[in-house]
Amino acid sequence: MTVSIKNEEQQDKMRVAGRLAADVLDMIGDYVKPGVTTEELDRICHEYITDVQGAVPAPLNYRGFPKSICTSVNHVVCHGIPGEKKLKSGDAVNIDITVIKDGFHGDTSRMFFVGKPSIQAQRLSEIAFESMWLGIRELAPGKHLGDVGAAVQRHVEKHRFSIVREYCGHGIGQAFHEEPQVLHYGRSGTGLELREGMTMTIEPMVNAGKANVKLLPDGWTVVTKDHSLSAQWEHTVLVTRDGYEVLTLGADDR
Ligand code: MF3
Ligand code: CO
Ligand code: CO
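In this numbering scheme, every chain counts its residues from 1 along its sequence in written order. Going through the entries in the order they are written, you letter the chains from A and number the ligands from 1. Totals for whole chains, interfaces and linings use all residues, but because this is a predicted model, local features are given only for residues with pLDDT of at least 70 and pairs of side-chain atoms are given and counted only at 80 or more. Side-chain measures were taken over the full set of non-hydrogen atoms in the model, leaving aside hydrogen atoms and water.

Another point: the sheet that holds strand 13 (residues 230-232). Read from one edge of the open sheet, three strands run 6-10-13, paired in antiparallel fashion. Strands at the two margins of the open sheet, each flanked by one partner only, are strand 6 (162-163) and strand 13. Strand direction decides the pairing type here: strand 6 and strand 10 (residues 205-207), joined by two bridges, are antiparallel. Looking at the pairing, isoleucine 163 lines up with valine 206 of strand 10. Across the sheet, helix 3 (residues 119-136) is in contact with strand 10 and strand 13; its angle to strand 13 comes to roughly 35°. Here the rule is simple: two strands pair whenever DSSP picks up at least two bridges between them. Numbering of helices and strands starts at the N terminus; helices are DSSP runs of H or I of at least 4 residues and strands are runs of E of at least 2. Throughout, a residue-residue contact means that at least one pair of heavy atoms, one from each residue, lies within 4.5 Å. Lines are fitted to the C-alpha atoms to define the axes, a helix being fitted only along its stretch in contact, and any angle between axes, read from their N-to-C directions, falls within 0 to 180 degrees.

What follows deals with the coordination of the cobalt ion (ligand 2). Looking at the cobalt ion (ligand 2), the protein donor atoms are Asp107 (OD), His170 (NE2), Glu203 (OE) and Glu234 (OE), and they sit 2.0 to 2.2 Å from it. Donor atoms: N, O and S within 2.8 Å of the metal, or within 3.2 Å for Na, K and Ca. Because water is excluded, sites can look incomplete. Irregular is the default label, applied whenever a site is not tetrahedral (four donors, all angles between 85 and 135 degrees) and neither square planar nor octahedral (four or six donors, opposite donors over 155 degrees apart, all other angles between 65 and 115). Given six donor atoms and angles of 51 to 162° at the metal, the environment of the cobalt ion (ligand 2) is assigned as irregular. Mapped onto the sequence, the donors of the cobalt ion (ligand 2) take the spacing D-x62-H-x32-E-x30-E. Here the cobalt ion (ligand 3) and the cobalt ion (ligand 2) are spaced 3.3 Å from one another, each receiving a donor from aspartate 107. Here aspartate 107, found in strand 5 (residues 104-113), pairs with histidine 170, found in strand 7 (residues 169-171); they are 63 residues apart in sequence, far enough to count as distant.

Turning our eyes to something else, we now look at the sheet that holds strand 12 (residues 222-224). If you trace the three strands from one edge of the open sheet to the other, you get 3-12-11, paired in antiparallel fashion. Across the chains shown, the open sheet's two edge strands, defined by having one partner strand only, are strand 3 (76-78) and strand 11 (213-215). On average, each strand axis in the sheet is tilted by 40° relative to the strand beside it, whichever way the strands run.

The interhelical angle for the contact between helix 3 and helix 4 (residues 145-158), taken along N-to-C directions, is 155°, at an axis separation of 8 Å. Classed by the angle they form, the pair helix 3 and helix 4 counts as roughly antiparallel. Viewed along their axes, helix 3 and helix 4 form a crossing whose handedness is right-handed. Residue-level contacts link Ile127, Glu130, Ser131, Leu134 and Gly135 of helix 3 to Val148, Ala151, Val152, His155 and Val156 of helix 4. Under the scheme applied, nonpolar residues are Ala, Val, Leu, Ile, Met, Phe, Trp, Tyr, Cys and Pro; charged residues are Asp, Glu, Lys and Arg; polar residues are all the others, including Gly. Of the residues in the contact of helix 3 with helix 4, the class split is six nonpolar, three polar and one charged. Just so you know how the angles are binned, under 35 degrees is roughly parallel, over 145 roughly antiparallel, 65 to 115 roughly perpendicular, and the rest oblique. When the near helix sits turned anticlockwise from the far one by under a right angle, the crossing is termed left-handed; a clockwise turn instead gives a right-handed crossing.

This part is about the packing of aromatic side chains. Classification of ring pairs rests on two measures: the distance between centres of Phe, Tyr or Trp rings, Trp counted by its six-membered ring, which must be within 6.5 Å, and the angle between planes, read as stacked under 30 degrees, edge-to-face over 60 and tilted in between. In total, this model carries three aromatic pairs according to the counting rule given. Note on tyrosine 62 and phenylalanine 176: the rings are 4.7 Å apart at their centroids and 50° apart in plane angle, and the pair reads as tilted. Here tyrosine 62, found in the loop between strand 1 (56-57) and strand 2 (70-73), pairs with phenylalanine 176, found in the loop between strand 7 and strand 8 (178-182); they are 114 residues apart in sequence, far enough to count as distant. Judged by its relative accessible area of 22%, tyrosine 62 falls in the partly exposed class. Judged by centre distance (4.8 Å) and plane angle (70°), the rings of phenylalanine 129 and tryptophan 233 are edge-to-face. Here tryptophan 233 lies in the loop between strand 13 and strand 14 (235-240) and phenylalanine 129 lies in helix 3, a separation of 104 residues in the sequence. Partly exposed residues are those whose accessible area sits between 20% and 50% of the maximum for their type, while under 20% is buried and over 50% is exposed, using a 1.4 Å probe and protein chains only.

Quick look at the nonpolar core now. Counting residues in each nonpolar core, the largest one holds 31 residues, and the members touching the most others are Ile136, Leu139, Met200 and Ile202. Residue assignment for this core shows that the elements contributing at least two residues are helix 3, helix 4, strand 9 (199-202) and strand 14. Counting residues per element, this core draws most heavily on helix 3, at seven residues. Contact partners of isoleucine 136, with chain neighbours within four places excluded, come to Ile202, His235, Val237, Tyr244 and Val246. Residues belong to one nonpolar core when they are buried, are Ala, Val, Leu, Ile, Met, Phe, Trp, Tyr or Cys, and are joined through side-chain atoms within 4.5 Å. Core analysis: the second largest hydrophobic core is formed by 22 residues, Val32, Ile44, Ile49 and Val99 among them.

Everything listed here is a matter of coordinates, which is why it stays silent on function.
Right, dumping it as structure tokens:
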């Protein structure tokens, strides 16, 4: 297994890409309203990324993915393809943005609610968010990937939700998906030892029901097998000398 270590110059490029990806999420929030289609959200993000940021939307044509962003609504776990269906009040949608700037990738996603969410959707999103942060806080040189997975899993299962196993976080840099795989479950002290200069994503997918998922015939859309709600948050992070730096913080968090 070869995990790339980013030098200072590469780390700076990751900071730029990460910030741009977060800026897209900051920008799109106002458009997530009843009646908007996910295709419209895709178009707005695409134009912002290409025309305003001078960047490239990484999903477009990635292994044949047809759009520039992923929009995963309600029981869609991840990789939802933007389409002509209108969002309605009560929907919960994950918007996942990956941009390439100067050859480097920034990858981040957040949950958005259309109108007023159900208590359950709110709770699920909150636990997914907290579990992502608990995973991130484990990061430091000398720690192991299993520490991250265990922290995420512990929190999710304590609240009787489940962690999706088939999809995980990933190393990121000049490639969209690099080694290592960052599992959102596991045992502390096991797995790859972290080193300064590694960049990766933490992006737990949390289901209200069972962990099982299935892939729709479009070859991309992943849904919960029991059609329960699913939530996800994602940050791109850098392992630093004494811990971590989150590269995809929104404007309100930096
Ligand atoms: N952004 C997703 C991730 O977090 C990957 C999307 S791949 C795509 O890894 F092709 F669906 F865009
Ligand atoms: Co990712
Ligand atoms: Co992503």
